[in-house]
Each structure stands twice: as C-alpha cells, then as structure tokens.
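Residues per chain are reported as follows:
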Amino acid sequence: LSRRRTQGTSHLVNIDDEMHQQSIIFSLINLSASRSQYLARRIHYNAPTYLKMKFSMLAVAATAFAAGVNGFSAAPRASFGIRQASSLKMADAATEVDKMAALATAANEARGLAMDSIAAAHSGHMGLPLGCAEIGATLYGSQMQYNPKDTTWINRDRFILSAGHGSMFLYSWLNLAGFDLSIDELKNFRQHHSQTPGHPEFPNSEHTTPGIECTTGPLGAGVSNAVGFAVSEKMAAARYNTDEHKIFDHHIFALAGDGCFQEGVSAESACFAAHEKLDNLIVLYDSNEVTLDKMAE
C-alpha cells in the first residue's frame, strides 16, 4: 500500500447537511453525535474532475473526540469545532496528525455496525468484520480512489470481498464511505428483499446494492474474479492509454480468507496473475485461524 500513487486534492470541501449546504475552509461545523451518521454524510472534494475519494478528514477527525461504539443506538447531540489556522498548510499538518486516530475510530464504528447488524439478524459471520476493520478504514478512508456518487466511474479502484461470508465488513464500509446504502438497510441484514444479503451480490433484479463489483460466496471465486478484473484493466490500458492521456490506471483489491486459499481456483488464478505480472492486483489475506467449528489447529 505504501507504493500507491498520490494525487492532489482541493482543500475546499462541501458539507451536505440535512438542513443546508455550506462551503467552508475553516469554520465551526456541528456534527450529529450519532457517530454512525458522521461518516455517512455526503462529503466530497469540490473539484472539476474525479479525484481520490475518501471520508472527509474533517468528519472523521471529529469522531475521534468521542469514545466507544454506538452502532445503531442514538447518542446525545454534541458540537465539535475545527481549530482555526492561519494557512491551509497548517491545517493539512493538523489533519495528518489526526489521521491515524480518525481511521482507528472509523474502524470501531464499522465494528459496531457489523455487530449490531449480525445480532439483529441472529445470523452472520462476525470474525472478518471485526478483525479486518482497520483494513477497511485504510482502504476506504485513505488508499482507494472511488466516487460514491458515481459507482460506475470507469477508473475507480475495485474492491472484491472474496470471503463473501463476511459481507457485513463490506456493507459497513459502503455505508460509512457515503454510498447509497442506508443504516436501515444495514438493520435489515440478511432479510428478504433487503439490499444487504448474506453474501455480496452484483446488482440484479433482486439486489441493487451499490459498490458491489461481483457476486462472491463460493470460496476462492473472489480471488479469480479479482485476477480477471486486473487483466481487463491492463488490456484497456494497453488499448486506450497514450503518453498524453492515461485513462486506465486503477487497482484491484481483494480480501480473502483461509477458505479461499483452500480452493484450487485461487491457486490457479494466482499462478496466472504472477505469470502475467499483474502489478495492479493486491490480495489481502485474512488469516484469522477461525473455522465454523472451532479455532483452527
């Protein structure tokens, strides 16, 4: 991840509140103390072209002042202020200082959403959403480029949850990152006709969940799908990119578990990826040593 490209962004942000919109550089902002709602606010960079999208550091940093995890529960309203600064440069430095704490807080928020959703459904897999929360915070909060308002943006980074049984990991981060997946849909996890089925499903006549790149569930299938996505990006780049215009340069991230690597399809596709030198593919291994029956030995 440390080798990922960097990209300039505008310092002017738009905060979409239920009551009004206002553009700010440095001013006081009031945020709801229901911390699961902080990160779901539609905050985006005000720029003429697509940039690397992430949670606004203003919103995420504000959550770092609050302790604990609320999940679905309500909390008293509170106001947080953004410190005054004499220049944009000073504000950038302050934001960087808060970044790690903010992402850690976001990870706890995702854990809370996953726990509440699985408890409400009386069904689901808890291990991956809890153990990989920091991975989600890093990807959706810092590393991946995407636009939650335009889920079909052609050069977006793709995230594929090969370990599809841990679907609440993905649903939590889609909600927190600003995709059109409401808290009510998270509450309806694994319910009939909801947008949060037990395993992620590519948008179809039954589920139109945004941000799902492919259907996963059969172990290892997500790894092979990710390799296919990586090949397609390389082919498109070879055909359409020029020295003056780089249209395709995105990455594919896949999160896989122990079961995924116990299936032959993951080994075969990994060999293909290595042979073709697909350096745009990043596979993250969730080695949690947990099976359905007991701790692995």
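A quick note: this is a predicted structure, and the numbers were derived from the prediction, not measured.

Calculation notes
- Residues numbered from 1 in each chain as written.
- Predicted model: local features only at pLDDT ≥ 70, side-chain atom pairs only at ≥ 80, totals over all residues.
- Heavy atoms only, no water.
- Helix = DSSP H or I, 4+ residues; strand = E, 2+ residues; numbered from the N terminus.
- Contact = heavy atoms within 4.5 Å.
- Areas by Shrake-Rupley, 256 points an atom, 1.4 Å probe, with all protein chains shown as cover.
- pLDDT = per-residue confidence, 0-100.
- Pairing = 2+ DSSP bridges.
- Right-handed = clockwise from strand over helix to strand, strands pointing away.
- Salt bridge = Lys/Arg side-chain N within 4 Å of Asp/Glu carboxyl O.
- Buried < 20%, exposed > 50% of the residue type's maximum accessible area, 1.4 Å probe, protein only.
- Axes fitted to C-alpha atoms, helices over the stretch in contact; angles between N-to-C directions.
- Parallel < 35°, antiparallel > 145°, perpendicular 65-115°, else oblique.
- Left-handed = near helix turned anticlockwise from the far one by under 90°.
- Nonpolar A, V, L, I, M, F, W, Y, C, P; charged D, E, K, R; others polar.
- Core = buried A, V, L, I, M, F, W, Y, C linked by side-chain atoms within 4.5 Å.
- Polar contact = N/O pair within 3.5 Å; in protein donor to acceptor, adjacent residues only side chain to side chain.

Draft legend 1. Up close: the overall build of the protein chain. When you go through the protein chain residue by residue, the secondary structure sums to 9 helices and 6 strands. Summarising the internal contacts of the protein chain: among those between residues at least 6 apart in sequence, 72% fall at separations of at least 24. Put simply, the protein chain shows about 15000 Å² of open surface, and 54% of that area lies on carbon and sulfur atoms.

Draft legend 2. Layout of unusual backbone geometry. Of note, R190 is a non-glycine position whose phi angle comes to about 65 degrees, a positive value. Backbone geometry at H193 places phi at a positive 70 degrees, although glycine is not the residue there. Relative to the elements of secondary structure, H193 occurs in the loop between α7 (183-187) and α8 (221-240).

Draft legend 3. Representation of the confidence of the model for the protein chain. Summary statistics for the protein chain give a mean pLDDT of 74 and a share of 65% for residues scoring 70 or more. Contacts for the low-pLDDT stretch residues 1-70, under 50 throughout, to residues beyond four places or in other chains number 173 contacts. Residue range residues 73-90 is modelled with pLDDT below 50. Its contacts to residues more than four positions away, or to other chains, number 31 contacts.

Draft legend 4. Seen up close, the pairing of strand β6 (residues 281-286). Examined bridge by bridge, strand β5 (residues 252-257) and β6 share 6 bridges and lie parallel to one another. In the sheet register, A254 faces β6, and the bridge partner there is V283. Where the polypeptide runs from β5 across helix α9 (residues 264-275) and back to β6, its parallel neighbour, the crossover connection is right-handed.

Draft legend 5. A look at the pattern of salt bridges. Tallied over the full model, the rule gives 3 salt bridges. E134 is the partner of R111 in a salt bridge, and the nearest nitrogen-oxygen pair spans 2.7 Å. Remark: E134 occurs in helix α5 (residues 133-143) and R111 occurs in helix α3 (residues 88-121); sequence separation between them is 23 residues. The class for E134 is partly exposed, based on a relative accessible area of 38%. The salt bridge involving K234 is made with D279; its shortest N-O contact spans 2.6 Å. Here K234, found in helix α8, pairs with D279, found in the loop between α9 and β6; they are 45 residues apart in sequence, far enough to count as distant. For K234, a relative accessible area of 33% translates into the label partly exposed.

Draft legend 6. Spotlight on the sheet that holds β6. The strand order across the open sheet formed by 3 strands is β4-β5-β6, and the pairing between neighbours is parallel. Of all the strands in the sheet, just β4 (158-161) and β6 have a single pairing partner and so form its edges. Here the strands of the sheet are splayed against their neighbours by 15 degrees on average, with no regard to which way each runs. Each of β4 and β5 is contacted by helix α6 (residues 167-176), which is oriented at about 150 degrees to β4, the strand it contacts most.

Draft legend 7. Highlighting the pairing of β4. In β4, alternate side chains face the same way, and those of R158 and I160 on one face and F159 and L161 on the other are all buried. For β4 and β5, the ladder comprises 4 bridges, and the chain directions are parallel. Bridged to I160 within β5 is A254.

Draft legend 8. Main features of the packing of α8 against α9. Taken N-terminus to C-terminus, the directions of α8 and α9 make an angle of 20 degrees; their axes are 8 Å apart at the nearest point. In terms of their interaxial angle, α8 and α9 are classed as roughly parallel. For the pair α8 and α9, the crossing hand works out as left-handed. Taking contact as the criterion, the partners of A221, V223, S224, V227 and V231 in α8 are, on α9, V265, S266, S269, F272 and A273. Counted by class, the contact of α8 with α9 contains 7 nonpolar, 3 polar and no charged residues.

Draft legend 9. Structural detail: the nonpolar core. Grouped together as the largest cluster of nonpolar side chains are 39 residues, with contacts concentrated most on Y140, F159, F169, W173 and L255. Every element with two or more residues in this core is listed here: α3, α5, β4, α6, α7 and β5. Looking at this core element by element, the count peaks at 8 residues for α3. When near neighbours in sequence (up to four residues on either side) are disregarded, L255 contacts L128, C132, I135, F159, I160, L161, S162, A163, F169, L284 and D286. I160, A230, A254 and A273 belong to the second largest nonpolar core, which has 10 residues in total.

Draft legend 10. Broad picture of the side chain of H207. Among the secondary structure elements, H207 is positioned in the loop between α7 and α8. Take H207: its relative accessible area is 7%, and that puts it in the buried class. Within the local environment of H207, its side chain forms a polar contact with the backbone oxygen of S194, the two atoms lying 2.8 Å apart. Apart from the residues lying within four places of it in its own chain, the contact partners of H207 are S194, Q195, P197, E201 and F202.

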